[in-house]
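# An overview of the molecular structure
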Amino acid sequence: MICQKFCVVLLHWEFIYVITAFNLSYPITPWRFKLSCMPPNSTYDYFLLPAGLSKNTSNSNGHYETAAEPKFNSSGTHFSNLSKTTYHCCFRSEQDRNCSLCADNIEGKTFVSTVDSLVFQQIGANWNIQCWLKGDLKLFICYVESLFKNPFKNYNYKVHLLYVLPEVLEDSPLVPQKGSFQMVHCNCSVHECCECLVPVPTAKLNDTLLMSLKITSGGVIFQSPLMSVQPINMVKPDPPLGLHMEITDDGNLKISWSSPPLVPFPLQYQVKYSENSTPVIREADKIVSATSLLVDSILSGSSYEVQVRGKRLDGPGIWSDWSTPHVFTTQDVIYFPPKILTSVGSNVSLHCIYKNENKIVPSKKIVWWMNLAEKIPQSQYDVVSDHVSKVTFFNLNETKPRGKFTYDAVYCCNEHECHHRYAELYVIDVNINISCETDGYLTKMTCRWSTSTIQSLAESTLQLRYHRSSLYCSDIPSIHPISEPKDCYLQSDGFYECIFQPIFLLSGYTMWIRINHSLGSLDSPPTCVLPDSVVKPLPPSSVKAEITINIGLLKISWEKPVFPENNLQFQIRYGLSGKEVQWKMYEVYDAKSKSVSLPVPDMCAVYAVQVRCKRLDGLGYWSNWSNPAYTVVMDIKVPMRGPEFWRIINGDTMKKEKNVTLLWKPLMKNDSLCSVQRYVINHHTSCNGTWSEDVGNHTKFTFPWTEQAHTVTVLAINSIGASVANFNLTFSWPMSKVNIVQSLSAYPLNSSCVILSWIVSPSDYKLMYFIIEWKNLNEDGEIKWLRISSSVKKYYIHDHFIPIEKYQFSLYPIFMEGVGKPKIINSFTQDDIEKHQNDAGLYVIVPVIISSSILLLGTLLISHQRMKKLFWEDVPNPKNCSWAQGLNFQKKMPGTKELLGGGWLT
């Protein structure tokens, strides 16, 4: 029990001792205070020790002793027994000349310590001290300035600050020991001003910091009493930033600024400004809690100088330094705002104060002009006050650049003159089209936009901003107050491109373009995009193209892409393969269809085919065209017919046996469908019957003609079979004597055309067609021939003819029974050549004559109208001429003739 009572008493004693130690520390104030050390029997000899302590107290209590030097130990301040002068050091404020009392304000208590020196026995020492926490909340600063500089200038002057942080006290004795304190060296200038910097952790800003100053001068050490402070209560913010002045719409001067960064609490601000105008100088000093201040009754031609500083709004704190002075000078003519940036279709207003020869022009006498060329109607004027005039522009149009000027100049004028200063009005068309496209894999959305449709504004930046809703788009898109910027990059085609990835297919992305400029910002009309509605599918795959056998249709097949899962429509384009394909289009609206067959004019040509797709409901975009697929030329059917052929007969005319050489032209693709592998000659005679000969790919074949009648047929063979429709030619001795061609004439029209005409007589044989044969007799060239209809009586032969050469023309009638007797001429018909040439010239002359007649008639009509106007324009109208009124123009004047049936034109 006795032990327990002893422990309780001991705890109570330690608690009282701790409270006493903290009460003995001087609480640092936000304003300046002094550290004074005075010798005994001086002005401050009345200083009292703490209650219960006497002057003769031993170093067990450690606060005061005669002839002692201060030193920290476990019990407080220790003094050695030196027979020298003892100095008393204490803190006092500038308002109170007495030393500061204890924190509990017990009267008679003072903070004292002692110094030992023979040098300062008569003068003592004083220092001004001010402490604050820097605006970045990282450094606690104490500024120490000596008030007695001259006596110390020859001595070694040093200042150290000893401090202890709260976390150091947690595991240490209750009263700080000497080893618990950390020491920082203070940076002293030549003027005996020292700056002490104490780093303070952010987490400890609200804790109590204990400090003491150790000042050395001339070998003498001055030790201050203990100081205590909460750093958060001593914050000295940085000066306010961005001091700016502008004139508001109602003619007031608005002073605005920004709060310094890193301040953890709201600030109050002190604003001091001066107005220097011609008649008076006005000064003011105001405290505000906002970051702006309005100054009314602004005057033209005045100068305003402003400074701002800040301090904690609620609770203790220190005023920041004053901001850099900012000067704003008003002109003789004030426009507010002086520059306006707005968009097409908007309404804006301008205000003006006009000062002329140191006199304010009444607002009722102010007129407004646009570009000094167009007076603005008075219906757009408003009188704001006696000296403030306003003009309003409605539904503005885009500003048209005039040379280097990209704005309209708005002038505020007196009734009789305009000042050279003006306001600038920038009107920009912000209708920027934003188009977006979701890729075929549904993983990203690419948006593109161009500024080519809007006027570029110097020093402006453009930014795409967007807001994503949780589901779908609203009916009327609007700019959301919460938005995010999106990085867009300029492409080589002049478009900006932005990529959203990942995307939410059913979320509405409302986006717009923001134009940022020093005059303000403008937003383009917003558009809302649903990624699911702007999908550009992948192109169809596995595209194939072929011409179907025996049918001859172009068959196209494909596979639809995996995404999107919506029903798709397809578009097919096809055309003959070549450098420039002439595409034909075909639409397929059946979502389940995977192939289509199309008729083509040429089944034996190579076709290029491509397919693309799009959502069937019309949303989104067409995919890219698929890679082209090409058809392969192959035989589709048997040849439609055999080749046309003719013959050359060689041999002795006295003998019955002759050699016949067959000539034919290679079969075209449209007839062969689509190739010919070989030709076969079928023979038929009355004696030997029928046989065939394969001649391969040759286009010439010779055989002996020994029978009275010999019929031949040329067949074309491809991979499918032989031609069905073929030409037959019968060589018959009796038919070779049948002559039905009475006359044959050849007329050269020019060097490339000869007209061949003939007359035939009726015959009992069935005439099938004619063969025209011609050749140059002066050359050993091949015979040329043509098959023409039996109903033709005149034919134009197009070939290269030389007028000085001789040509042979032959006309063979071909009957079903055989080849008839030909009509042969060896020269052109000379007697009618000139006539035919003249007839041919009529085709050129007659159109020229008709055109010339029409041109001449038009010229005459125009000339007639001009002459009538010229001759009659001076004839007076009695209704318009006073001297002609009352005259009877119907009455024939003496010595005149009737004109236009006796009347005058009016």
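Looking at an unreviewed UniProt entry, the chain carries the name Leptin receptor, with the source organism given as Pongo abelii. Note on the chain: under the UniProt heading Sequence similarities (unreviewed entry), the record states "Belongs to the type I cytokine receptor family. Type 2 subfamily." Under Subunit (unreviewed entry), UniProt gives the following word-for-word description of the chain: "Present as a mixture of monomers and dimers. The phosphorylated receptor binds a number of SH2 domain-containing proteins such as JAK2, STAT3, PTPN11, and SOCS3. Interaction with SOCS3 inhibits JAK/STAT signaling and MAPK cascade."

### A few points about the overall build of the chain
Helix and strand counts for the chain stand at 4 helices and 61 strands. Buried residues in the chain amount to 42% of all 906 residues. Once local pairs closer than 6 in sequence are excluded, the contacts in the chain between residues at least 24 apart make up 64%. Element-wise, carbon and sulfur atoms account for 53% of the exposed surface of the chain, whose accessible area totals about 50200 Å².

### Re the sheet that holds strand β55 (residues 741–750)
Spatially, 3 strands are ordered β55-β56-β59 in an open sheet, and the strand pairing comes out antiparallel. The sheet is open, and its two borders are formed by β55 and β59 (794–798), each paired with just one other strand. Shown here is a sheet whose adjacent strand axes are inclined to one another by a mean of 20 degrees, direction ignored. One ladder, built from 8 bridges, connects β55 with strand β56 (residues 753–760); its direction is antiparallel. When the bridges of β56 are listed, Ser-743 appears paired with Ile-759.

### Let's talk about the sheet that holds strand β58 (residues 784–789)
Strand pairing in a sheet relies on backbone hydrogen bonds, with the paired strands running either antiparallel or parallel. Across the sheet, 4 strands lie side by side as β58-β57-β60-β61; this open sheet has antiparallel pairing. Of all strands in the sheet, those with a lone pairing partner are β58 and β61 (823–825), marking the two edges. For this sheet the average axis-to-axis angle between neighbouring strands, irrespective of direction, equals 15 degrees. In this structure, strand β60 (residues 807–815) lies alongside β61, joined through 3 bridges in antiparallel fashion. Across the sheet, the residue bridging to Ser-810 is Ile-824, located in β61.

### Describing the pairing of strand β34 (residues 461–468)
Both β34 and strand β38 (residues 509–517) contribute to a ladder of 8 bridges, which runs antiparallel. Its bridge partner lying in β38, Arg-465 is registered against Trp-512. Relative to strand β35 (residues 484–486), β34 runs antiparallel, the two being bridged by 3 bridges. Of the residues in β35, the one forming a bridge with Leu-464 is Lys-486.

### So, the side chain of Gln-571
Residue placement: Gln-571 occurs in strand β43 (residues 568–576). The buried category is assigned to Gln-571, whose relative accessible area is 8%. Within polar-contact distance, the side chain of Gln-571 engages the side chain of Glu-587 at 2.5 Å. A polar contact is formed between the side chain of Gln-571 and the side chain of Arg-612, at a distance of 2.5 Å. The contact partners of Gln-571, leaving out residues within four places of it in the chain, are Met-585, Tyr-586, Glu-587, Gln-610, Val-611, Arg-612, Trp-622 and Trp-625.

### Section: the confidence of the model for the chain
Reading fine detail from the predicted coordinates is not recommended where pLDDT is low. Per-residue confidence for the chain averages 81 on the pLDDT scale, and 78% of its residues sit at or above 70. Within the model, the stretch residues 44–85 combines pLDDT values under 50 with 99 contacts to residues more than four positions away or in other chains. A low-confidence stretch, residues 101–119 stays under pLDDT 50, and its non-local contacts, those more than four residues away or across chains, total 70 contacts.

### Topic: the environment of Glu-305
In this structure, Glu-305 sits in strand β20 (residues 303–312). Spatially, the C-alpha atom of Glu-305 lies 4.4 Å from that of Val-327, the residues being 22 residues apart in sequence. In this structure, Glu-305 is in contact with Lys-272, Tyr-273, Ser-274, Pro-325, His-326 and Val-327, ignoring residues within four places of it in sequence.

### Describing unusual backbone geometry
The peptide bond linking Phe-336 to Pro-337 adopts the cis configuration, its omega dihedral lying at -5 degrees. Along the polypeptide, Pro-337 turns up in the loop between β22 (333–336) and β23 (339–343). Of the consecutive residues Phe-563 and Pro-564, the connecting peptide bond is found in the cis state with omega at -5 degrees. Backbone geometry at Asn-371 places phi at a positive 60 degrees, although glycine is not the residue there. Here Asn-371 is to be found in the loop between β26 (367–370) and β27 (374–375). For Asn-371, a relative accessible area of 26% corresponds to the partly exposed category. Although it is not a glycine, Asn-395 sits at a positive phi angle of roughly 45 degrees.

### Looking at a nonpolar patch on the surface
Nonpolar side chains collect at one region of the surface, where Leu-471, Tyr-472 and Leu-506 lie side by side and expose about 290 Å² of accessible area between them. Relative to the elements of secondary structure, Leu-471 occurs in the loop between β34 and β35.

### Topic: the pattern of salt bridges
As enumerated under the stated definition, the model contains 13 salt bridges in all. With a closest N to O distance of 2.9 Å, Arg-678 and Asp-694 form a salt bridge. Taken together, the positions of Arg-678 in strand β50 (residues 678–685) and Asp-694 in strand β51 (residues 689–696) put the pair 16 residues apart, joining distant regions of the chain. Given a relative accessible area of 33%, Arg-678 falls into the partly exposed group. Salt-bridge contacts for Lys-784 lead to Asp-799; the nearest nitrogen and oxygen are separated by 2.9 Å. In this pair, Lys-784 sits in strand β58 while Asp-799 sits in the loop between β59 and β60, placing the two residues 15 residues apart along the sequence.

### A look at the packing of aromatic side chains
Applying the stated criterion across every chain, the model contains 28 aromatic pairs. Between Trp-558 and Phe-570, the ring centres sit 5.3 Å apart and the planes meet at 45 degrees, which makes this aromatic pair tilted. Residue Trp-558 is located in strand β42 (residues 553–559), and its partner Phe-570 is located in strand β43; the two are separated by 12 residues in the primary sequence. Taken individually, Trp-558 and Phe-570 each receive the classification buried, so the pair is uniform in this respect. Centre to centre, the rings of Phe-801 and Phe-809 are 6.4 Å apart; their planes meet at 40 degrees, and the pair counts as tilted. You can call Phe-809 buried: its relative accessible area is 0%. By way of ring pairs, the aromatic residues Phe-405, Tyr-407, Tyr-411, Tyr-422 and Tyr-426 are connected into one cluster. The residue whose ring lies beneath Lys-665 is Trp-785, and the NZ or CZ to ring-centre distance is 5.4 Å. In this arrangement the basic side chain of Arg-787 is found over the ring face of Tyr-769, its NZ or CZ atom lying 5.2 Å from the centre.

### Quick look at the state of the cysteines
Counted under the stated rule, the structure contains 9 disulfides. Paired through a disulfide, Cys-473 and Cys-528 show a sulfur-sulfur distance of 2.0 Å. One quick way to see it: the torsion about the S-S bond of Cys-473 and Cys-528 is about -85 degrees, and its sign makes the bridge left-handed. Of this pair, Cys-473 sits in the loop between β34 and β35 while Cys-528 is found in strand β40 (residues 527–529), placing the two residues 55 residues apart along the sequence. Of all cysteine sulfurs, the one in Cys-194 lies closest to Cys-193, which takes part in no disulfide; the gap is 7.3 Å.

### Observations concerning the pairing of strand β6 (residues 125–133)
Counting buried positions along β6 gives 8 out of 9 residues, so the element sits mostly inside the fold. Of the pairings in the sheet, the one linking strand β2 (residues 33–38) to β6 comprises 5 bridges and is antiparallel in character. Considered in β6, the bridge of Phe-33 is made with Ile-129. The pairing of β6 with strand β7 (residues 139–146) spans 7 bridges and is classified as antiparallel. Across the sheet, the residue bridging to Ile-129 is Val-144, located in β7. Hairpin remark: β6 followed by β7, antiparallel, with 5 residues in the connecting loop; positive phi at Leu-137, about 60 degrees.

Rules of the game
- Residues numbered from 1 in each chain as written.
- Predicted model: local features only at pLDDT ≥ 70, side-chain atom pairs only at ≥ 80, totals over all residues.
- Heavy atoms only, no water.
- UniProt positions renumbered as here; feature names shortened; annotations may be inferred.
- Helix = DSSP H or I, 4+ residues; strand = E, 2+ residues; numbered from the N terminus.
- Buried < 20%, exposed > 50% of the residue type's maximum accessible area, 1.4 Å probe, protein only.
- Contact = heavy atoms within 4.5 Å.
- Areas by Shrake-Rupley, 256 points an atom, 1.4 Å probe, with all protein chains shown as cover.
- Pairing = 2+ DSSP bridges.
- Axes fitted to C-alpha atoms, helices over the stretch in contact; angles between N-to-C directions.
- Polar contact = N/O pair within 3.5 Å; in protein donor to acceptor, adjacent residues only side chain to side chain.
- pLDDT = per-residue confidence, 0-100.
- Patch = residues over 30% accessible without salt bridge, like charges linked within 9 Å, V, L, I, M, F, W, Y side chains within 5 Å.
- Salt bridge = Lys/Arg side-chain N within 4 Å of Asp/Glu carboxyl O.
- Phe/Tyr/Trp six-rings, centres within 6.5 Å; stacked < 30°, edge-to-face > 60°.
- Lys NZ or Arg CZ within 6 Å of the ring centre and 35° of its normal.
- Disulfide = S-S within 2.5 Å.

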